[in-house]
Amino acid sequence: MDLMSQPYVQTWLDQVYAVRPERALRLDLRVPKLSSPPPLVIYISMRGMFKCEKAAASQWMVESGFALASIEARVSSEAIAPAPVHDCKAAVRWLRARADEFGFNGDAIGVWGYSAGGLLASLMATSSGVAALEGVGDDLNISSAVQAVCAQCGSPHDLAYFARPGVSSKYAPVAENLRRWLGGSVGERLDLARMVSPTTYISPRCPPIFLLHGDADEMVPLEETIEFHNKLKDAGVDATLRVLPGVGHNRVEELVKDDIAAFFKRTLAGALD
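Computed from a predicted model, the values in this text were never measured in an experiment. (Residues numbered from 1 in each chain as written. Predicted model: local features only at pLDDT ≥ 70, side-chain atom pairs only at ≥ 80, totals over all residues. Heavy atoms only, no water.)

Participant: Please explain the overall build of the protein chain as it appears in this structure.
Facilitator: Check the secondary structure of the protein chain and you find nine helices and 10 strands. Against the globule reference of 19 Å for 273 residues, the protein chain gives a C-alpha radius of gyration of 17 Å, in line with a compact fold. Taken over the C-alpha atoms alone, the protein chain extends approximately 55 × 45 × 30 Å along its principal axes. With 273 residues in all, the protein chain has 58% of them scored as buried. A separation of at least 24 residues holds for 77% of the contacts in the protein chain among residues at least 6 apart in sequence. Counting 27 positive and 32 negative side-chain charges, the protein chain places the centres of these two groups 3 Å from one another. (Helix = DSSP H or I, 4+ residues; strand = E, 2+ residues; numbered from the N terminus. Rg over C-alpha atoms; globule rule 2.2 N^0.38 Å. Buried < 20%, exposed > 50% of the residue type's maximum accessible area, 1.4 Å probe, protein only. Contact = heavy atoms within 4.5 Å. Lys, Arg positive; Asp, Glu negative; His and termini not counted. Charge placed at Lys NZ, Arg CZ, Asp CG, Glu CD.)

Right under this line is the structure:
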């Protein structure tokens, strides 16, 4: 889509969408002004559950004709699970409640996350309506359901996988990140680990999910993503897995951005047709 023929892209930075005891949480929003309200993609910029920088969002999503919101969420040094899940759902509700004000389609919301952001995005897909993960705050009468999800670069989906013998040592950095996020090792906090595992809530009601994972990823095991994909397919979910040959644990934007844009164009109600 050629946005050069469109009037402009309107930008709102540092919008407070929730206030937590730790701090106010903000998002950046960019909306291309098109002939009809564009679908919205929410980018979760979480890394390892210890770093979340909303400025990390790639602007090519806007150039492809989507509104783009990049959000902050609490990290493991501020609050343990399920705090950032509550934050992500709060951001969806806040944005959906203001869709007409900002000029995007509140009925066509996708979520896109990289690494730990992909875990949160996948959980957004599977856990719609799970009361324990909704959190508290404003706009609780608004749905936090999303219509499509892309989890990029490999992310855990069944946290109990990392309690298996040998797995926690082989993938020690992920195990340590999960320990900090859960407030203890996966084995010690197994109930909480299951509560924040996307696999726990798989059902035919899940929206379309696009998984990208490099076969040279030494940080997060590809086989765990394959297991998640197979369980989604078994449940009848519109799930796609693209394995990237020779790619490690990185975003490789130029390699995958056309596929990501095509996925969201297909799944978000054909709003860009």
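Participant: How should I be thinking about the pattern of salt bridges in this particular structure?
Facilitator: A side chain with one charge may pair with a side chain of the opposite charge, provided their charged atoms come close. In the structure shown here, the tally under the stated rule is 18 salt bridges. We note a salt bridge from K54 to D28, for which the minimum N-O separation is 2.8 Å. A residue pair is termed long-range when its members are at least 10 positions apart, and K54 in the loop between β5 (51-52) and α1 (60-63) and D28 in strand β2 (residues 24-32) qualify at 26 residues. Residues E254 and K257 are paired through a salt bridge, measuring 3.5 Å at the closest nitrogen-oxygen approach. (Salt bridge = Lys/Arg side-chain N within 4 Å of Asp/Glu carboxyl O.)

Participant: Explanation requested: the environment of G117 in the structure shown.
Facilitator: Structurally, G117 is set in helix α4 (residues 116-126). Through-space distance from the C-alpha of G117 to that of C52 is 8.7 Å; in sequence the pair is 65 residues apart. Contacts of G117, omitting those with residues within four sequence positions, involve I44 and M46.

Participant: It is not clear to me how the nonpolar core should be interpreted in this structure. Could you clarify?
Facilitator: Soluble globular proteins tend to pack their nonpolar side chains together in the buried interior. Counting residues in each nonpolar core, the largest one holds 66 residues, and the members touching the most others are L29 and W181. In this view, L29 contacts Q10, T11, W12, L40, L68, A69, L95, F102 and F104; residues no more than four positions away in its chain are not counted. Counting 24 residues, the second largest nonpolar core, distinct from the first, contains Y43, W60, F210 and I260. (Core = buried A, V, L, I, M, F, W, Y, C linked by side-chain atoms within 4.5 Å.)

Participant: Would you mind going over helix α2 (residues 83-97) with me for this structure?
Facilitator: One turn of an α-helix holds 3.6 residues; hence residues three or four places apart share an orientation. With 15 residues, α2 extends 21 Å between its outermost C-alpha atoms, agreeing within 8% with the 21 Å of an ideal straight helix rising 1.5 Å per residue. The element α2 is largely enclosed, with a buried count of 14 among its 15 residues. (Expected span 1.5 Å × (residues − 1).)

Participant: Hey, could you run me through the packing of α2 against α4 in this one?
Facilitator: The angle between the axes and the distance between the axes are what describe a pair of packed helices. Two elements in contact, α2 and α4, have axes whose closest approach is 10 Å; the angle formed by their N-to-C orientations is 65°. In the crossing of α2 with α4, the sense of the turn from one axis to the other is right-handed. Here P84, V85, C88, K89 and V92 of α2 come into contact with α4, specifically with L120, L123 and M124. (Axes fitted to C-alpha atoms, helices over the stretch in contact; angles between N-to-C directions. Left-handed = near helix turned anticlockwise from the far one by under 90°.)

Participant: Just to check I follow, could you spell out the pairing of strand β10 (residues 239-244) for this structure?
Facilitator: Residues in a regular strand point their side chains to alternate faces of the sheet. Where strand β9 (residues 209-214) lies against β10, six bridges are found, and the strand directions are parallel. Bridge assignment links L211 to a residue of β10, and that residue is L241. Chirality of the crossover, the property in question, places the unit of β9, helix α8 (residues 222-234) and β10 among those that are right-handed. (Pairing = 2+ DSSP bridges. Right-handed = clockwise from strand over helix to strand, strands pointing away.)

Participant: For this particular structure, what's the right way to read the side chain of S127?
Facilitator: If you trace the backbone, S127 turns up in the loop between α4 and β8 (148-152). Leaving out residues up to four positions away in the same chain, S127 has contacts with K89, L133 and Y201.

Participant: When you look at the sheet that holds β10 in this model, what are you seeing that I'm missing?
Facilitator: Sheet strands pair by backbone hydrogen bonding; their relative direction is either parallel or antiparallel. One open sheet accounts for eight strands, arranged β1-β2-β6-β3-β7-β8-β9-β10; its pairing is mixed. Pairing within the sheet leaves two strands with one partner each, and these edge strands are β1 (9-19) and β10. Averaged over all neighbouring strand pairs, the angle between strand axes comes to 20°, with direction disregarded. Across five bridges, the pairing between strand β7 (residues 105-114) and β8 is parallel. Paired with W112 across the bridge in β8 is C150. Across the face of the sheet, α2 comes into contact with β1, β2, β3 (39-44), β6 (67-71) and β7 while running at roughly 130° to β1.

Participant: Even after reading the chapter, I still don't get the pairing of β2, so can you show me in this structure?
Facilitator: Inspection of the sheet shows β1 paired to β2 by eight bridges, in the antiparallel sense. Within β2, the residue paired with Q10 across the bridge is V31. In this structure, the hairpin formed by β1 and β2 is closed by a connection of four residues. Note that β2 and β6 share four bridges and pair antiparallel. Bridged to R30 within β6 is L68.

All we've got here are geometric facts, nothing functional implied.
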